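Here are the chains, one letter per residue:
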Amino acid sequence: MSIIKLSNVSKFYYNKKTISSGFTKINVEFDMGEFVVITGESGSGKSTLLNVISGLDSYEEGEMYINGEETSHYTEVDYENYRRKYIGNIFQNFNLVNSYTVYENIELVLLLNGYKRREIKNKILDIIKTVGLTKYKNTKASKLSGGQKQRVAIARALAKDTPIIVADEPTGSLDVKSARSIMKLLHDISKEKLVVIVTHNYEQVEEYATRKISMHDGKIIEDKKIVKTEPVKANPVQYKNICNKDKVLLGFKNAFNIKTKFLLLLMVYLFLTILVFSEYTSLQKIDYDNDSNGYNYYFQDVSNNRVIVNKKDRSSFTRDDIDNIGKLENVDYLVENDILLDIQVAVYDNENYIHGSVSSLNNLKNVDVGSMPSNEHEIVISASQNSSYLIFSDKDDIIGKEFYLQNDSGGFPIDYKVKIVGIKYDDSLLYSAKIYANDAILNDLMKIENLFYSTTDLKVNNQIFKGDKSRLYYDIMPSERVASGKAVAFQDLNLYCKDYTCTGTDITLNVNNIYYEESATLKVSKIYNKDNFKELTGYDDINDFYNVIFISTKDYDRLYSKGTYQISVYLEDAKNANTTIKKLNDLSYETFYVKDALADPISNFMDIIRLLRSIVFVIATIILFFISYFVIKIILKSRNIYFSTIRILGATKKISKQLLNIELLIDINVAYVLFLLLVLAVKINIINIAYISDMVSFLKISDYVIVYFILMIMSLLISNRYSHKLFKDSVMNTFREDV
Ligand code: ADP
Ligand code: MG
């Protein structure tokens, strides 16, 4: 039985419009042990015939038998097996891997057929010796002469040791002398094999040929046995698949093997990495910006950096508490008694009125006009320079002048005077100013605010007046002139005392707020009237005070200036707010993130924006995918030959795919590491790229992981798409496309 038998086989080429035939109705048989030479003019179908019998190309009509087995139902995998077991190909243009050395080219075919790297060293060296290239074993294929290249190709076929060797014009591009020696070499290695050689130049092989076939116009016109051969038994190769370790090693070699290709791919992947990151961060950014929109009527300071902190048990903060919070990571500074942050005050005289929030002088480094306060009751005002409404035409009018200071709850002494000594311009303050004051002024404000946030119940002569809903309206104020334990009360209080006089009566003040309760029992020493008002209280004008009970500053402080019950923590980086808040909660503090309390007038709108942005992210990623795919396709174009070659050498589709996957994954990982190094360099200020540093400020560790996986998946999709293209056709078709 013949090893290969063709019966009425035809091969057609389908091009876009035309069908042409490679050969028609061929009947031929080949036996083991033959040395068949096929000749014929160009275009007569010789190559086509070789490709069909070596399973590199399909046929359309008739039947080809291999060892008596029909092949018309063969799948690509069947052909793969057939080629691996039986066929060694040698081409006119060698099909070596040019970037590999002689040794590596031969090693490649053995690895692909399941030999272990360690076991084949001597075998390869022997084969190199056989083809006479020992001197060149470490020379790259690209550096060899044509004859030397063909020797490598023969060595490769020899290494694979298949029963059939098919050579398509192996000496076509060689000079006469090299051609002769190649033919001799082929003959030497072909004992007990079937060799089928196509050549123009029959004389070159005449001495070895056992049979001569002439083709013309797709037909065999002559088939002549020259030497009678004894059929020998074919020994198909027992092959295995390449092991995983060698796959990875090969993938590594391929990733770095061709420097230009490696650098180009690296560039594309680095770009891809940066673009995906930048797309991804713009998504993060919109969340962040979204959150910082909005307003709140209660809080004057709605900064993203501000977290309000209380103790869970509502007790006051100890020094230790405050020190510990101050030491937490990401805490910039903290403001005790932060209520002041949220009050509005007015600084005014007969001509001017400036309103705004207050801030500690500690937060101010310098002024633009005037000087920093150096005495008590001196302040600096801050506002946008463009706001003529807040800072008046003539700065000299306000610098150094005295103004009244009044808080918005109205409880502040009406004649509390401050001097503006400096102006600090701040463009963020367009509609409201900021007043920088020293601790003494802030403390005074604080006491008033405590009063304002507390309710003070009054008990007089066994009657209790509830501070928040009593019909009797009264205020409590401090006075330097009242002795501790005493009170100076308004006249109407007399109505509730025995004999309509309260003098000498004990009254009890009971102060309540969300944090504490405190009470004091005081003896009414005097009732004030317009004649003795100034003398008893130290204040100027009785008309500014309606129903006030004046008590000593000491009692007032005891009732209204308790410890620090609430502080505002200012963060260094608002993006990490959640981590810091969690830490505070773990330390059993109650937190309130001011930003979360913002009413957001455009929140629905922002949801839509966010949705759109996510869609844009997906679309952008897909577009990036295709752009990178096309660029990579162009870069990899030269690799088609490599992959067709390894296919011819016995790599299955699956293995070729895996090799490509590994190669591209290595490239993208190198690109990713490079990106991380770039980020690191930016972070530790070795280089300064605003674009990157801005981007990085939005990224958490988990984001790096997410983007990493996105990139890996993209790389796998790219290589799958590419290998799909590479394998959609028979080897020869793919190969033809590129050569
Ligand atoms: P040879 O190797 O003898 O020079 P080929 O086998 O290459 O001849 O070609 C045989 C015929 O098939 C020629 O007519 C040629 O034009 C045609 N042919 C070969 N390859 C293709 C192809 N890829 N597409 C279309 N026609 C082809
Ligand atoms: Mg040809």
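Residues numbered from 1 in each chain as written. Chains lettered and ligands numbered in written order. Predicted model: local features only at pLDDT ≥ 70, side-chain atom pairs only at ≥ 80, totals over all residues. Heavy atoms only, no water.

Participant: What exactly am I supposed to notice about the packing of aromatic side chains here?
Facilitator: The description of an aromatic ring pair rests on the distance of the ring centres and on the angle between the ring planes. Considering all chains together, one arrives at 29 aromatic pairs under this definition. Ring geometry for Y528 against F550: centres 5.7 Å apart, planes inclined by 65°, an arrangement best described as edge-to-face. Here Y528, found in the loop between β25 (517-527) and α11 (533-537), pairs with F550, found in strand β26 (residues 548-552); they are 22 residues apart in sequence, far enough to count as distant. Relative to F630, the ring of Y629 has its centre 5.4 Å away and its plane inclined at 65°; by these criteria the two rings are edge-to-face. Above the face of the Y65 ring, K5 is positioned so that its terminal group lies 5.5 Å from the ring centre. (Phe/Tyr/Trp six-rings, centres within 6.5 Å; stacked < 30°, edge-to-face > 60°. Helix = DSSP H or I, 4+ residues; strand = E, 2+ residues; numbered from the N terminus. Lys NZ or Arg CZ within 6 Å of the ring centre and 35° of its normal.)

Participant: Which parts of the structure should I look at to understand the pattern of salt bridges?
Facilitator: When their charged atoms lie close together, side chains carrying opposite charge are able to pair. In the structure shown here, the tally under the stated rule is 24 salt bridges. With its nearest N and O atoms 3.6 Å apart, the salt bridge here joins K466 to D457. A residue is classified by how much of its surface remains accessible, and D457, at 9% relative accessible area, is buried. Taking the shortest distance from any N to any O, the salt bridge between R639 and E663 comes out at 2.9 Å. With R639 in helix α15 (residues 639-649) and E663 in helix α16 (residues 653-683), this pair connects stretches of sequence that are 24 residues apart. E663 carries the same exposure label as R639, and that label is buried. (Salt bridge = Lys/Arg side-chain N within 4 Å of Asp/Glu carboxyl O. Buried < 20%, exposed > 50% of the residue type's maximum accessible area, 1.4 Å probe, protein only.)

Participant: What exactly am I supposed to notice about helix α9 (residues 319-327) here?
Facilitator: Residues lying three or four places apart along an α-helix face the same way, a consequence of the helix completing one turn every 3.6 residues. Those residues of α9 not exposed but buried are D321, I322 and I325. The buried residues of α9 occupy an angular sector of 95° when projected down its axis, which confines them to one face. Exposed positions of α9 whose direction lies more than 90 degrees from the buried face are R319, D320 and K327. On its buried face, α9 is in contact with β11 (306-311), β12 (331-336), β27 (566-571), α13 (577-586) and β28 (589-593). (Arc of directions from axis to C-beta. Contact = heavy atoms within 4.5 Å.)

Participant: Would you mind showing me how to read helix α10 (residues 439-453) here?
Facilitator: Across its 15 residues, α10 extends 20 Å between first and last C-alpha, which sits within 8% of the 21 Å expected from 1.5 Å per residue. Among all positions of α10, only I441, L442, L445, M446, K447, I448, E449, N450 and L451 are buried. (Expected span 1.5 Å × (residues − 1).)

Participant: So what exactly am I meant to see when it comes to the pairing of strand β4 (residues 61-66) here?
Facilitator: The side chains of a regular strand alternate, residue by residue, between the two faces of the sheet. As paired elements, strand β1 (residues 4-14) and β4 share five bridges and run antiparallel to each other. Bridge pairing links L6 to M64 in β4. In this sheet, strand β5 (residues 69-70) lies alongside β4 in antiparallel orientation, the contact comprising two bridges. Residue pairing across strands places Y65 opposite E70, the latter belonging to β5. In this antiparallel pair of consecutive strands, β4 and β5, the connection spans two residues, and N67 shows a positive phi of 50°. (Pairing = 2+ DSSP bridges.)

Participant: Where do I start with the nonpolar core in this structure?
Facilitator: Most often, soluble globular proteins keep nonpolar side chains buried together rather than apart. By size, the foremost hydrophobic cluster in this structure holds 93 residues, and its most contacted members are L108, L112, L186 and L250. The biggest single contributor to this core is helix α8 (residues 259-292), with eleven residues. Counting contributing residues, this core receives three or more from each of domain 1 (4-240) and domain 2 (245-287 + 604-738). Beyond its immediate sequence surroundings of up to four residues, L250 is in contact with Y100, L108, L111, L112, R117, I242, Y642 and L659. Grouped together as the second largest cluster of nonpolar side chains are 39 residues, V460, C497, Y515 and V548 included. (Core = buried A, V, L, I, M, F, W, Y, C linked by side-chain atoms within 4.5 Å. Domains from an automatic or database assignment.)

Participant: Looking at this structure, I do not really get the sheet that holds β27. What am I missing?
Facilitator: Two modes of strand pairing occur in sheets, parallel and antiparallel, and in both the strands are linked by backbone hydrogen bonds. Taken in spatial order, the four strands line up as β12-β27-β11-β28 in an open sheet, and their pairing is antiparallel. If you trace the sheet from one side to the other, it starts and ends with β12 and β28, each paired once. Here the average twist between neighbouring strands, direction ignored, is 30°. Pairing of β11 with β28 involves five bridges; the strand directions are antiparallel. Bridge pairing in β28 places V309 opposite T591. Set on the sheet, α13 makes contact with β11, β12, β27 and β28; between it and β28 the angle comes to about 155°. (Axes fitted to C-alpha atoms, helices over the stretch in contact; angles between N-to-C directions.)

Participant: I'm lost on the sheet that holds strand β8 (residues 194-198) in this one. Help?
Facilitator: The six strands are arranged β6-β7-β8-β3-β9-β10 in an open sheet whose pairing can be described as mixed. Two strands close off the open sheet at either side, each with one partner strand: β6 (87-90) and β10 (219-225). Pairs of neighbouring strands in the sheet enclose a mean axial angle of 15°, with direction left out of account. Against the sheet, helix α2 (residues 76-86) engages β6 and β7 (164-168), with an angle of about 80° to β6.

Participant: Would you mind showing me how to read unusual backbone geometry here?
Facilitator: It is generally the case that most residues other than glycine have a negative phi and that most peptide bonds are trans. The backbone phi angle of N461 is positive, close to 50°, even though this residue is not glycine. Not every positive phi belongs to a glycine, and N685 is a case in point at roughly 65°. In this structure, N685 sits in the loop between α16 and α17 (690-696). Residue class for N685 comes out exposed when judged on its relative accessible area of 65%.

Participant: Looking at this model, I keep getting lost on a nonpolar patch on the surface. Mind explaining?
Facilitator: A contiguous nonpolar patch, built from V673, L674, L677, L680, I684, I686, I687, I689 and Y691 and spanning about 820 Å² of accessible area, is present on the exposed surface. With respect to the helices and strands, the residue L674 is situated in helix α16. Given the relative accessible area of 35%, L674 is considered partly exposed. (Patch = residues over 30% accessible without salt bridge, like charges linked within 9 Å, V, L, I, M, F, W, Y side chains within 5 Å. Areas by Shrake-Rupley, 256 points an atom, 1.4 Å probe, with all protein chains shown as cover.)

Participant: Just to check I follow, could you spell out the domain arrangement of the chain for this structure?
Facilitator: Think of interface size as the accessible area that goes away when the parts come together; that is how it is often given. Domain boundaries in the chain define domain 1 (4-240), domain 2 (245-287 + 604-738), domain 3 (306-337 + 565-599), domain 4 (340-437) and domain 5 (454-560). A separation of 78 Å is found between the C-alpha centroids of domain 2 and domain 5.

Participant: Help me understand the environment of K583, please; the structure alone is not making it clear to me.
Facilitator: Note that K583 resides in helix α13. Classification of K583 as partly exposed rests on a relative accessible area of 32%. When the C-alpha atoms of K583 and E518 are compared, they prove to be 32 Å apart, with 65 residues separating the residues in sequence. In this structure, K583 is in contact with L328 and E329, ignoring residues within four places of it in sequence.

Participant: Is there a simple way to explain the packing of helix α4 (residues 121-130) against helix α5 (residues 146-160) in this structure?
Facilitator: Relative orientation and spacing of two packed helices are given, respectively, by the angle between their axes and the distance between those axes. One way to put it is that α4 packs onto α5 with a least axis distance of 9 Å and a crossing angle of 135°. Here α4 is positioned oblique relative to α5, judged by the angle of their axes. Remark: the crossing between α4 and α5 carries right-handed chirality. Residues K123, I127 and T130 of α4 lie in contact with α5, whose contacting residues are A155, L158 and A159. (Parallel < 35°, antiparallel > 145°, perpendicular 65-115°, else oblique. Left-handed = near helix turned anticlockwise from the far one by under 90°.)

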